[in-house]
Amino acid sequence: MHTFEFIRPTDSAAAIAAAAQSKTAQQGADVRFMGGGTTLIDLMKLNVETPARVLDINRLPLDKIELMPDGGLKIGATVRNSDLAYDARVQRDYVVLSQAILNGASAQVRNMATVAGNLLQRTRCMYFRDTAMPCNKREPGSGCPAITGSNRTLAILGASEHCIATNPSDMCVAMAALEAKIHVQGPKGQRVIAFADFHLLPGSTPHRETVLESGDLITHVTLPPPIAGSKQLYLKLRDRASYEFALASAAVVLTSKGGKITQARIALGGVGTKPWRSQEAEAALHNKPANDVTFRQAAEAAMRGAKPQSENGFKIELAKRCLTHALRTAAAS
Ligand SMILES: Cc1cc2nc3c(=O)[nH]c(=O)nc-3n(C[C@H](O)[C@H](O)[C@H](O)COP(=O)(O)OP(=O)(O)OC[C@H]3O[C@@H](n4cnc5c(N)ncnc54)[C@H](O)[C@@H]3O)c2cc1C
Ligand code: SF4
């Protein structure tokens, strides 16, 4: 295993300063903050991640879930996935988020995993995790063997000729639908990033997965005030019932009046190179009767731009059925 410095700062300013002091910080990949370590340490053991400096942020005071004056929720970066999923306010007002988290990984992993770490978890593309293989995401310019190789689980939305890897997070799909905001503190100060702008499409730079810059620390995530009367659901379809990543998933947040849908927020998982907000599906639902015809039309709209890889054409119909069923179930709840 690659050797590295291990530092345990106790406040955010010290963590950011320690990240900035790294000799090769300009290169971007050599400083890593560590939350639960369930992604980072795995990838370090595989030599996929080889940071010179690891900053354990578990001693920073970022582990609280707090109600904000506007009625929204402030979620600290090191809040464990389990604590967030079982928080009474989340279960009451943002149940889609609780369901998404509880559909991911295992109880043990969720007990360790943090909110910020989940936002930044890396793809499960098998070539990315195998340093004997080329991979543009791991080593820019080396090639993408998945395009002609094993791609059954990979993306049908947002792919490029350089990378077709899926974003694997369940939590992020719910956060996309809930329009979360990500709060960052870094060498250049503080900023707030809308969820839709946080993850990047692969384009010609698949190694850049988010808008974060070297040394940026996620301090917390905020959720807007709850949408009164909304019906919410996260549905995940996968090869086995637990401990498995999504082949297709859908997060839906709906409001309706007099049998018509007044507001819809739709995001998809397992199919996109980033957590996939579908404005096409939302437009197809707006002001339409809440029935199966409308739901299927929304699913067709969501998949209009889908481009299958050699092994995953089945995902298009799977994603349509997933969204249709999620909408039907949410509307009937
Ligand atoms: C066996 C297994 C099965 C899994 N199944 C699923 C699944 O079905 N669905 C799913 O969604 N996920 C699944 N996961 C992934 C899991 O959700 C992630 O590993 C976890 O959320 C990562 O959180 P962490 O705190 O452990 O991150 P870490 O490993 O600590 O960090 C991950 C990345 O985030 C960075 N980071 C962490 N905190 C910060 C911060 N505050 N600011 C800036 N950067 C930061 C780290 O530097 C690193 O690059 C699975 C994982 C395992 C091991
Ligand atoms: S799909 Fe992306 S992560 Fe997978 S091999 Fe290609 S470049 Fe690497």
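A brief look at the structure comes next. (Residues numbered from 1 in each chain as written. Chains lettered and ligands numbered in written order. Predicted model: local features only at pLDDT ≥ 70, side-chain atom pairs only at ≥ 80, totals over all residues.)

### Some points on the overall build of the protein chain
Moving on, step 1. From N to C terminus, the protein chain includes 12 helices and 12 strands.
Moving on, step 2. A globule of 333 residues ought to have a C-alpha radius of gyration of about 20 Å, and the protein chain, at 20 Å, matches this closely.
Moving on, step 3. Summarising its shape, the C-alpha atoms of the protein chain cover approximately 60 × 50 × 35 Å along the three principal directions.
Moving on, step 4. When burial is assessed residue by residue, the protein chain has 48% of its 333 residues classed as buried.
Moving on, step 5. A separation threshold of at least 6 residues defines the contact pool for the protein chain, and within that pool the share at least 24 residues apart is 64%. (Helix = DSSP H or I, 4+ residues; strand = E, 2+ residues; numbered from the N terminus. Rg over C-alpha atoms; globule rule 2.2 N^0.38 Å. Buried ≥ 20, exposed ≤ 12 C-beta atoms within 10 Å, placed from the backbone. Contact = placed C-beta atoms within 7 Å.)

### Things to note about the pairing of strand β11 (residues 260-269)
Moving on, step 1. Most of β11 sits out of view: 7 of its 10 residues are buried.
Moving on, step 2. Where strand β10 (residues 248-257) and β11 come together, 9 bridges link them in antiparallel fashion. Directly across from Val252, in β11, lies its bridge partner Ile266.
Moving on, step 3. Between β10 and β11, which pair antiparallel and follow one another directly, the connecting turn spans 2 residues, one of which, Gly258, has a positive phi of 55 degrees.
Moving on, step 4. Pairing of β11 with strand β12 (residues 276-277) involves 2 bridges; the strand directions are antiparallel. Pairing of Ala267 across the sheet is with Arg277, part of β12.
Moving on, step 5. Hairpin geometry of β11 and β12 is characterised by an intervening segment of 6 residues between the two adjacent antiparallel strands and by a positive phi of about 80 degrees at Gly270. (Pairing = 2+ DSSP bridges.)

### Describing helix α5 (residues 95-102)
Moving on, step 1. The buried fraction of α5 is high, at 6 of 8 residues.
Moving on, step 2. Within α5, burial applies to Val96, Leu97, Ser98, Gln99, Ala100 and Ile101.
Moving on, step 3. Those residues of α5 hidden inside the fold are in contact with α3 (81-86), α4 (88-93), α6 (107-112), α8 (171-178), β9 (231-237) and β10.

### Here's the deal with unusual backbone geometry
Moving on, step 1. The phi dihedral of Asn47 is positive, around 65 degrees, even though this residue is not glycine.
Moving on, step 2. Along the chain, Asn47 falls in the loop between α2 (40-45) and β3 (53-56).
Moving on, step 3. Among the residues examined, Asn47 registers 12 C-beta atoms within 10 Å and is labelled exposed.
Moving on, step 4. Residue Tyr243 is not a glycine yet carries a positive backbone phi of 55 degrees.
Moving on, step 5. Inspection of the secondary structure assignment puts Tyr243 in the loop between β9 and β10.

### Focus on helix α12 (residues 314-332)
Moving on, step 1. Its 19 residues give α12 an end-to-end C-alpha distance of 27 Å, which sits within 8% of 27 Å, the value for a rise of 1.5 Å per residue.
Moving on, step 2. Of the positions making up α12, those classed as buried are Lys315, Ile316, Ala319, Lys320, Cys322, Leu323, Thr324, Ala326, Leu327, Ala330 and Ala331.
Moving on, step 3. On the buried face of α12, the contacting elements are β9, β10, β11, α10 (279-285) and α11 (292-302). (Expected span 1.5 Å × (residues − 1).)

### Quick notes on the site of ligand 2
Moving on, step 1. In the vicinity of ligand 2, 15 residues are found, and the nearest of them are Cys125, Tyr127, Cys135, Cys144 and Cys163.
Moving on, step 2. Among the residues making up the shell around ligand 2, the classes are represented as 12 nonpolar, 2 polar and 1 charged. (Near = placed C-beta within 6 Å. Nonpolar A, V, L, I, M, F, W, Y, C, P; charged D, E, K, R; others polar.)

### Here's the deal with the sheet that holds strand β2 (residues 31-34)
Moving on, step 1. Taken in spatial order, the 3 strands make up an open sheet running β1-β3-β2, and their pairing is parallel. Only two strands of the sheet have a single partner each, and these edge strands are β1 (5-7) and β2. Sheet twist, expressed as the mean angle between neighbouring strand axes with direction ignored, is 20 degrees.
Moving on, step 2. Of the pairings in the sheet, the one linking β2 to β3 comprises 4 bridges and is parallel in character. Residue pairing for β3: Met34 is matched across the bridge by Asp56.
Moving on, step 3. Strand contacts of helix α1 (residues 12-21): β1, β2 and β3, with the helix running at about 175 degrees to β3, the strand carrying the most contacts. (Axes fitted to C-alpha atoms, helices over the stretch in contact; angles between N-to-C directions.)

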